[in-house]
Amino acid sequence: MQLSANYNDLTSHDEFIARHIGPSAAEQQQMLASMGFSNMSDFIAAVVPASIRLDGELDLEDAKSEDEVLAELKSLAAQNKVFRTHIGQGYYNSHTPKVVLRNILENPAWYTAYTPYQPEISQGRLEAILNYQTMVCDLTGMELANASMLDEGTAAAEAMALCKRSAKAKSEVFFVDHDCLPQTIAVVKTRAEHLDIKVVVGNPATDLPEAYFGILLQYPGTSGEITDRSALIETAHSQKAMVVMAADILSLVVLKSPRSQGADVAVGNTQRFGVPMGFGGPHAAYMATNDKYKRAMPGRLVGVSIDNSGQPAYRLALQTREQHIRREKATSNICTAQVLLAVIAGMYAVYHGPDGLRRIAQRVHRVTAVFAAGIKQFDFDIINQNAFDTISINTGDKTDRIFQAAADAEINLRQADANTLSLAFDETTTPAHIEQLWAIFGGELSFTDIDSSAKNLIPQNLLREDEILSHPIFNTHHSETELLRYMRTLADKDIALDRAMIPLGSCTMKLNATTEMIPVTWPEFGQIHPFAPEDQTVGYRAMITELEEMLCETTGYDNISLQPNAGSQGEYSGLLAIKAYHQSRGEGQRNIVLIPASAHGTNPASAQLAGLKVVVTKCDDNGNVDLSDLRTKAEEHSNNLSAIMVTYPSTHGVFEESIGEICELIHLHGGQVYIDGANVNAMVGLCSPGKFGGDVSHLNLHKTFCIPHGGGGPGVGPTAVKAHLAPFLPGHELLDDSVVGPVSSAPYGSASILPISWSYIKLMGKKGLQQATENAILSANYLANKLSSDFPVLYTGANGRIAHECIIDLRPIEAATGISGEDVAKRLVDFGFHAPTMSFPVPGTLMIEPTESEPKGELDRFLAAMAQIKTEIDLVASGAYTLADNPLVNAPHTAAIVSGDEWTHNYTRATAAYPVASLRANKYWAPVGRIDNVYGDRNLVCSCLPIEAYMEE
């Protein structure tokens, strides 16, 4: 050993790159050699068309170390001012139980999990979501709740659409209570404009129109007012209209439920159940309704079914409602949920239970009532006589002085208008806070003295009388020991990235590095209200601006909006920008969107919601866009052509050589090119959609830029555009004016998770980002090359190579043996793998994407599993196993089955449980067997089972 004599030789700023990229340099060379390549440069040249390759490197900084990145981000965070907030308006401070913070929000077993489309290895998070749905049903009084929505504004907009589809009234008018949250009204207006719905905003007591199909009410109102809506709702029903009630989740612990007043739909936000404000998100909004509207309910729905042993098991129910299947006939483009946040909110209810929640809700109301009683002693008029947690005060000519005095004391109030201040209180408000506020308003009072005489502000007829959260799940785990073990039990049931590779095509399940995650829970990011004054959010906005610039550089676009809080919303925003652009040029007739048959299901669904007409174009035998059919349809619809929506690399996992020609053709006919950014992980540093012909793309920061999937959410779906579309990005009352309204409640959407992507780009630098892309393509081709002898790869590019994912065709195997793609997927669970994407985009296939983050050893483990599965298939083909009884059709095998007293199969228990020797050292056991999907839909149960069901297990 020889010691270095130079300090600089021992210092590295790019160590993180090797930590993010799974295969070592030596392993990369082995993988290249196995395909006949000597270096990465030649390999990439054979995969990515030269016509779209970038000339040089990205104009980004070099990589930085983890400590350097955290220090830089800490300096930005320090520029934010964490004031105590009484702004309210749908966002509140709350206490995240520390056991939940550490063991869910900060736990990769929860935040790196994927959407539970494979229910057998998702039982833990499915149970947690079912808890959330049960909680929402209990508090709203409704019969059915979905797995969460993106935010309260979009939940209200989706509810409006549900009412339009379901109400018997034929009117085009949707009436919105003027006391609804301003941001909700704005999002509803944006959505309504493109669905030919007329929104009328007013006082429901005086301004209700003669005809309307639905009403949106806020409960309590933004002003804080609480009103019994029973009579109004009865009137609406007499008009054959439906009523949506946007209800504060904590208030429902003590207030009459929406359903008890007759509401048809309830929406709201569960943020104040232990989720930080985070400058606007992510938060789990809720949506609940009655059973008769179950097939009209947007979003995901967790239900209960049985497995092949007859035991209860959870799954996503009624999935044929989803846009991936209904496509342009879809009534919603929502393809995700805020799962991680819903799990936190549900666990908050499990932690506190009904008694704990009542204490919190009553404490919040008590400080509100005491504050109001004190304010009256200063001769101010309180505008709302009834209240749960918000007081609006007529402060007249003293408004500005009081507002500024509060700011000087580092307290945020809400100035509703020139003469009105509004104050909202939450579970973090203390008597000392109330006394400080009284001093700001004009005098010193004792909380204890006022408390003894202050009257409650909730009318007796609005107090809740029925029980809530009576299920044992909310009445059991109240000690930290119990809750800790319960959460561990749930996590142990699942496969997430902390346990194994998740080789899902189209979903890019890459490393979510710990360093990237750390800033999410910093108070300088988590405890900022989305409507805090600009001088308190300097660091946030500087970080956001820099992230926007870096994303524009990686994609070749000129501007970007980070407001869309899911990929579906990014698609929608991009289409709205295109639509507004055409209208600005006097070409509003352009309403045709060409979409290849292979496109993601959200593409046609988003086009439909944007008020555009979908025309499907064919794909050729190689899976590429059929240029002949595209030319025919572009010419046919030339005068009305709005855009094409094309995914690149294609949904079939190929770099199509004709992408430049496709872009030129659409531009020739006056259309815009929308390039779906689902597969940007195959392009960063190599090619840029904004430079080879794209006008707009949405990105999935929860894919390419490392925001975790969180069991199906949170996500961020920014919309990136060329300069001519920049004026038509989503607006917001707190941002610059735009002709297009907001698509999310908060100006920057899910802002608190943006530091993850900012950190990832900084850690990787320009060279690291390109290396990540190259290795994503390398790993996918390595797998495809090794698998192809047993499982034919359905589509390849010009040189017989694929992009970052491959589709293996199991249809010949099924035709010859009866073994299906589902059988292969479920058998992979016995090997400890999450299955690849099933039957998308081609039925009877599996789409595999390993990402750059997986080491060669894990890739080889997957190959060994697939080789053993092929051996088992061959045994079925030869007759050694029957189709009715073999390890594939019976998979997955649970520990209870393998260790049971009876074993009737014609293969051994060892074959079932340990098909390869390495599993004896590290075995994942599926908690349930193959789940019966049909049974679950025919016997729909979407809330916690009665205790008897658990006793039977």
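Residues numbered from 1 in each chain as written. Predicted model: local features only at pLDDT ≥ 70, side-chain atom pairs only at ≥ 80, totals over all residues. Heavy atoms only, no water.

1. A look at a positive patch on the surface
Which entries qualify depends on this criterion: Here, patches come from residues exposed beyond 30% relative accessible area and free of salt bridges, joined within 9 Å for like charges and within 5 Å for nonpolar side chains (Val, Leu, Ile, Met, Phe, Trp, Tyr). Exposure was quantified through the Shrake-Rupley algorithm and a 1.4 Å probe, taking into account, for residues, occlusion by the shown protein chains and nothing else. Basic side-chain nitrogens of Lys or Arg form a salt bridge, by our definition, when they fall within 4 Å of a carboxyl oxygen of Asp or Glu. Note on charges: Lys and Arg go in the positive column, Asp and Glu in the negative column, and His and the chain ends are not counted at all. Throughout, a charge is located at the NZ atom of Lys, the CZ atom of Arg, the CG atom of Asp or the CD atom of Glu. Here a helix means four or more residues in a row that DSSP labels H or I, a strand means two or more in a row labelled E, and each is numbered from the N terminus.
A cluster of basic residues, Lys168, Lys170, Lys240 and Lys292, forms a positive patch at the surface. Relative to the helices and strands, lysine 240 is located in the loop between helix 10 (230–238) and strand 6 (242–247).

2. Quick word on the side chain of glutamate 127
Formally: Contact between two residues is taken to exist if any of their heavy atoms lie within 4.5 Å; hydrogens are not considered.
Looking at the secondary structure, you find glutamate 127 in helix 7 (residues 123–140). Residues in contact with glutamate 127, not counting those within four places in the same chain, are Tyr314, Ile473, Tyr486, Leu490 and Lys493.

3. Some words on the sheet that holds strand 12 (residues 390–394)
For clarity, the cut-off: By the convention used here, strands pair only if DSSP detects at least 2 bridges between them.
Within the open sheet, the four strands sit side by side as 11-12-15-14. Their pairing is antiparallel. Here the strands that pair on one side only, and so sit at the sheet edges, are strand 11 (381–382) and strand 14 (414–417). Inspection of the sheet shows strand 14 paired to strand 15 (residues 420–424) by three bridges, in the antiparallel sense. Bridging from a neighbouring strand, glutamine 415 pairs with leucine 421 of strand 15.

4. Focus: helix 10
Rules: Each residue is placed in one exposure class: buried if its accessible area under a 1.4 Å probe, protein chains only, is under 20% of its type's maximum, exposed if it is over 50%, and partly exposed if it falls in between. Directions from the helix axis toward the C-beta atoms define the arc.
Turning to helix 10, its buried residues number three or more, namely Leu232, Ile233 and Ala236. Mapping the buried residues of helix 10 onto a view down its axis gives an arc of 95°, with all of them on the same face. The outward face of helix 10, more than 90 degrees from its buried face, is lined by the exposed residues Ala231, Glu234 and Ser238. In this fold, the buried residues of helix 10 make contact with strand 5 (214–219) and strand 6. Where helix 10 terminates, the next one or two residues include lysine 240, which has phi positive at roughly 65°.

5. Here we look at the pairing of strand 3 (residues 173–177)
Here is the rule we go by: Here, the term right-handed applies to a crossover whose path from the first strand over the helix to the second runs clockwise when the strands point away from the viewer.
Within strand 3, five of the five residues are buried, leaving the element largely enclosed by the surrounding structure. Of the two faces of strand 3, the one carrying Val173, Phe175 and Asp177 and the one carrying Phe174 and Val176 are both buried. Sheet topology note: the strand 3/strand 4 (residues 198–202) ladder contains five bridges and is parallel. Each residue of the ladder has a partner; that of valine 173, found in strand 4, is lysine 198. The parallel pair strand 3 and strand 4 is bridged by helix 9 (residues 182–193), and the resulting crossover is right-handed. Where strand 3 lies against strand 5, three bridges are found, and the strand directions are parallel. Residue pairing for strand 5: phenylalanine 174 is matched across the bridge by glycine 214.

6. Points about the pairing of strand 12
Within strand 12, four of the five residues are buried, which leaves it mostly tucked inside the rest of the structure. Pairing analysis gives two bridges linking strand 11 to strand 12, with the strands arranged antiparallel. Across the sheet, residue aspartate 381 finds its bridge partner in strand 12, namely asparagine 394. Examined bridge by bridge, strand 12 and strand 15 share five bridges and lie antiparallel to one another.

7. Remarks on the nonpolar core
The following threshold applies: Nonpolar cores are built from buried Ala, Val, Leu, Ile, Met, Phe, Trp, Tyr and Cys residues. Side-chain atoms within 4.5 Å join them into one set.
Among the nonpolar cores identified, the biggest contains 204 residues, and Phe43, Met347 and Phe655 are the most heavily contacted of them. By residue number, the principal contributor to this core is helix 24 (residues 754–787), which donates 16 residues. Not counting the four nearest positions on each side in its chain, methionine 347 is found in contact with Val100, Ile104, Ala128, Leu483, Tyr486, Met487 and Leu490. Core analysis: the next-biggest nonpolar cluster, separate from the first, contains 39 residues, Leu144, Ile185, Ala192 and Ile334 among them.

8. Some remarks on helix 12 (residues 339–376)
Applicable threshold: To estimate the expected span of a helix, subtract one from its residue number and multiply by 1.5 Å.
Between its first and last C-alpha atoms helix 12 spans 43 Å; for 38 residues at 1.5 Å apiece the expected length is 56 Å, and the helix comes up short by more than 12%. A large share of helix 12 lies buried, amounting to 29 of its 38 residues.

9. Regarding the environment of leucine 763
Position of leucine 763 among the secondary structure elements: in helix 24. Taking relative accessible area as the criterion, leucine 763 reaches 0% and is therefore assigned buried. Sequence separation between leucine 763 and glutamate 66 is 697 residues, and the spatial gap between their C-alpha atoms is 6.6 Å. The residues contacting leucine 763, other than those within four sequence positions of it, are Phe16, Ile17, Ala63, Lys64, Ser65, Glu66, Val69, Thr515 and Glu516.

10. Digging into the sheet that holds strand 25 (residues 845–848)
Strands sit in the order 23-25-24 across an open sheet of three strands; the sheet is antiparallel. Here the strands that pair on one side only, and so sit at the sheet edges, are strand 23 (806–809) and strand 24 (837–838). Of the pairings in the sheet, the one linking strand 24 to strand 25 comprises two bridges and is antiparallel in character. Counted as the bridge partner of threonine 837 is methionine 847 from strand 25.

11. Focus on the pattern of salt bridges
Under the criterion given, the structure shown has 39 salt bridges. Arginine 259 is the partner of glutamate 143 in a salt bridge, and the nearest nitrogen-oxygen pair spans 2.9 Å. You can see glutamate 143 sitting in the loop between helix 7 and strand 2 (144–145) and its partner arginine 259 sitting in the loop between strand 6 and strand 7 (265–269), a full 116 residues away along the chain. We note a salt bridge from aspartate 355 to arginine 358, for which the minimum N-O separation is 2.9 Å. Of this pair, aspartate 355 and arginine 358 both sit in helix 12, three residues apart, which is roughly one turn of the helix.

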